[in-house]
Amino acid sequence: MEKIRVSLPINSYDILIGHHIEQHIIDSIKAAKLSHESLIVTDSNVGKLYADKFKALLKEAELSAEVHIIPAGEESKSLKEAEKIYTRAIEAGLDRHSAIFALGGGVVGDLAGFIAATYMRGVPFYQIPTSLLAQVDSSVGGKVAVDHHLGKNLIGAFYQPKEVWIDLSYLKTLPKRELYTGLGEVIKYGIIEDKDFFDYLDDHADDVLSYNDEALFHIVKRSCEIKADVVGQDEHDNGIRGILNFGHTMGHAIEKETNFARYNHGEAVAIGTIGAAHLSHELGMIDDYTVHRVVKAIEKYHLPQRAEGCTVDGMMHDILHDKKTVNGIVHWVLMNGIGNVIIRDDVPDDAVKKCISKIITK
Ligand code: GLY
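Let me begin by describing the structure that accompanies this report.

Time to look at the nonpolar core. As a rule of thumb, nonpolar side chains are buried together in soluble globular proteins. Core analysis: the largest hydrophobic core is formed by 80 residues, its most contacted members being Ile-15 and Ile-219. Take this core: its biggest share by element is nine residues, from helix 9 (residues 213-233). Counting residues in hydrophobic clusters, the runner-up holds 24 residues, among them Ile-21, Ile-25, Phe-101 and Leu-103.

Here the focus is the pairing of strand 2 (residues 13-18). Along a regular strand, successive side chains alternate from one face of the sheet to the other. Among the six residues in strand 2, six count as buried, and that is most of the element. Here strand 2 shows a buried face lined by Tyr-13, Ile-15 and Ile-17 and a second buried face lined by Asp-14, Leu-16 and Gly-18. Of the pairings in the sheet, the one linking strand 1 (residues 2-6) to strand 2 comprises five bridges and is antiparallel in character. Paired with Glu-2 across the two strands is Ile-17, which belongs to strand 2. Across five bridges, the pairing between strand 2 and strand 9 (residues 163-167) is parallel. From the neighbouring strand, Ile-15 faces strand 9, where its bridge partner is Val-164.

Running from N to C, helix 11 (residues 265-282) and helix 14 (residues 349-358) point in directions that differ by 135 degrees, and their axes come no closer than 9 Å. With respect to each other, helix 11 and helix 14 are oriented oblique. Every pair of crossing elements has a handedness; the one defined by helix 11 and helix 14 is right-handed. Note on element contacts: helix 14 touches helix 11 through Ala-351, Val-352, Lys-354, Cys-355 and Lys-358, opposite Gly-275, His-278, Leu-279 and Glu-282. Among the residues making up the contact of helix 11 with helix 14, the classes are represented as four nonpolar, two polar and three charged.

Here the focus is unusual backbone geometry. Backbone geometry at Glu-62 places phi at a positive 70 degrees, although glycine is not the residue there. Note that Glu-62 resides in the loop between helix 2 (44-60) and strand 4 (64-70). Using a relative accessible area of 56% as the deciding quantity, one classes Glu-62 as exposed. With phi around 60 degrees, Tyr-211 is a residue other than glycine that occupies positive phi space. Its location among the elements puts Tyr-211 in the loop between helix 8 (205-209) and helix 9.

Attention shifts here to helix 11. Look at helix 11: 25 Å from first C-alpha to last across 18 residues, which is about the 26 Å you get at 1.5 Å a residue. Extensive coverage of helix 11 is indicated by the burial of 15 of its 18 residues. Of the residues flanking the end of helix 11, it is Gly-284, one or two places downstream, whose phi is positive at about 75 degrees.

Scoring rules and cut-offs
- Residues numbered from 1 in each chain as written.
- Predicted model: local features only at pLDDT ≥ 70, side-chain atom pairs only at ≥ 80, totals over all residues.
- Heavy atoms only, no water.
- Core = buried A, V, L, I, M, F, W, Y, C linked by side-chain atoms within 4.5 Å.
- Buried < 20%, exposed > 50% of the residue type's maximum accessible area, 1.4 Å probe, protein only.
- Helix = DSSP H or I, 4+ residues; strand = E, 2+ residues; numbered from the N terminus.
- Pairing = 2+ DSSP bridges.
- Axes fitted to C-alpha atoms, helices over the stretch in contact; angles between N-to-C directions.
- Parallel < 35°, antiparallel > 145°, perpendicular 65-115°, else oblique.
- Left-handed = near helix turned anticlockwise from the far one by under 90°.
- Contact = heavy atoms within 4.5 Å.
- Nonpolar A, V, L, I, M, F, W, Y, C, P; charged D, E, K, R; others polar.
- Expected span 1.5 Å × (residues − 1).

Geometric values such as these leave the question of function open.
Right under this line is the structure:
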């Protein structure tokens, strides 16, 4: 088992990664001196596979848990669903020292974290991510939120978990498309911080795609190390944390243009990653071969390279109105090379349009 520290000015915490880490979870809970009543939030897919098992684990740690199951899917990340969970928590008698456990993917983690941040002004929160995307990204860093009908993640907080428990065994039941989705974010970590890691991904695609234990351990561990390092420098996303947004500027626009239906998040980010590589090339920051390497990596991991159903003007409009765009200034994360990115806000619209046209099908 590996322990990675997320070092913050206050509320630092550990990410535990391994196969079958049950005993560590029990020890950790016992040491935390939580109130007896607790709540597990999970979804209809993960709940039927793992909720009973996790509840039994909490029982071994001498906690009693209610299980609240939300319908799987982004629609559940709403104030309406949050209201139901608050009711459940109150009825179950959760107090200020009761824990909330998020057992699931990104939607469960964001929603349960939002509840934990606000219920009785904040209660202990634990992330148990079961998808690769949640293990390498959303469970780490404390961004919790629900969606508003006018936009995703518009109502939220920074609220760090007490611990993140990543049991790699959960990945065994993850559908292939979900694995690929998470790999979109994993490739991103190589591009933004670590060329050796990018090379590893390039060389070990067969191992990763066949769910090889060692390969999965390595990619989750390295991704979490990079995320922990970046979050540790800029918890509240005022500077360097922006580099985690690599590929997301065009990626978000692709998701929006296709009504969040055709592509899932990691797929849209993968296409956006290629777009950001083209843009870096257009601005003279990287050579043809580097763009080629990025495109090949995306292809190797069965991720799409072009978006269907998008237009240049539509995407341009979305980019200029994204919630990360402030006063009309877009903060582009661009490549100086593999493992080396910078944030630039001086990118001409014409260059952006040219590169969007390279990643959409006509
Ligand atoms: N997923 C981007 C961040 O946590 O900042």
